[in-house]
Amino acid sequence: KVPNIGEVQTFLPYIPKTPTIESIFSHDHSWIATLLAENIRTIIATGDIMPARSVNAQVLKYKDFKWPYIKTADILRNADITFINLETPLLFDMCLSTQEGMIFCGDARNAEGLVFAGVDIASLANNHAGNYGAQGIESTVRLLSDNGILTTGVNGLAIRDISGIKFGFLGYNDITKTQPGISNADE
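First, a word on what this report is: a plain description of the structure on this page. All figures in this text were calculated on a predicted structure; none of them were measured in a lab. (Residues numbered from 1 in each chain as written. Predicted model: local features only at pLDDT ≥ 70, side-chain atom pairs only at ≥ 80, totals over all residues. Heavy atoms only, no water.)

**Things to note about the nonpolar core**
The biggest cluster of nonpolar side chains holds 21 residues, and the ones touching the most others in it are Ile 84, Leu 86, Leu 114 and Leu 144. Among the elements of the structure, helix H3 (73–77), strand S2 (81–86), helix H4 (110–116) and helix H5 (133–146) are those that each provide at least two residues to this core. A per-element tally of this core places H5 first, with three residues. Formed by seven residues, the second largest nonpolar core is a distinct cluster that contains Ile 121, Ile 162, Phe 167 and Phe 169. (Core = buried A, V, L, I, M, F, W, Y, C linked by side-chain atoms within 4.5 Å. Buried < 20%, exposed > 50% of the residue type's maximum accessible area, 1.4 Å probe, protein only. Helix = DSSP H or I, 4+ residues; strand = E, 2+ residues; numbered from the N terminus.)

**Regarding helix H2 (residues 53–62)**
Every buried residue of H2 is listed here: Asn 56, Ala 57, Gln 58 and Val 59. Taken together, the buried residues of H2 touch strand S4 (106–107) and H4. A positive phi of about 55 degrees marks Lys 63, the residue just after H2. (Contact = heavy atoms within 4.5 Å.)

**Focus: the side chain of Thr 88**
With respect to the helices and strands, Thr 88 occurs in the loop between S2 and strand S3 (90–91). Side-chain polar atoms of Thr 88 contact the backbone nitrogen of Cys 105, separated by 3.1 Å. With sequence-adjacent residues up to four places away left out, Thr 88 is seen in contact with Met 50, Pro 51, Ala 52, Phe 104, Cys 105, Gly 106 and His 128. (Polar contact = N/O pair within 3.5 Å; in protein donor to acceptor, adjacent residues only side chain to side chain.)

**Brief notes about the sheet that holds S2**
Read from one edge of the open sheet, four strands run S1-S2-S5-S6, paired in parallel fashion. Looking at strand neighbours, the two that pair on one side only are strand S1 (43–49) and strand S6 (150–152), the edges of this open sheet. Across the sheet, the mean angle separating the axes of adjacent strands is 20 degrees when strand polarity is ignored. Where S1 and S2 come together, five bridges link them in parallel fashion. Counterpart to Ile 43 in the pairing with S2 is Ile 81. (Pairing = 2+ DSSP bridges. Axes fitted to C-alpha atoms, helices over the stretch in contact; angles between N-to-C directions.)

Distances and angles like these do not, on their own, reveal function.
Shown next as structure tokens:
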């Protein structure tokens, strides 16, 4: 409606109907067709991403840091936000290639694969992020930041604005004892 001169028009903000848990996990997602396309945002939250140990050894062997993401990158890149749990520090010079052990690290060039896969935000709040101490955490945060990937779990809230809607992400570890530099669930 176009208001007449002198007439005041009030527009109420669009408030979408909140889907129920049952509708989200239903096999019938036909209700999505009722949403306006400009109001839809897609977020993918993965489980652990661990470019360490045998994965790190394989990408070094193949000299292809995109290799672990070839089969999932198209899905991940199509999301408005892809949020991962990075289960290892990424290091420039301290990470030796290995296929075993429980002290994880990945070559810094693994960031190339994360960018290829469309990763936007990485939580570092887990039981292996601190495997190389504060230096490993700082290296990983700097590397991810330099590649346009936000971090949480070490530095508070990560905020991403998608088409005018802000999304906030937090990460907390509750698996192991307190690790310096990692946000703990008891905070």
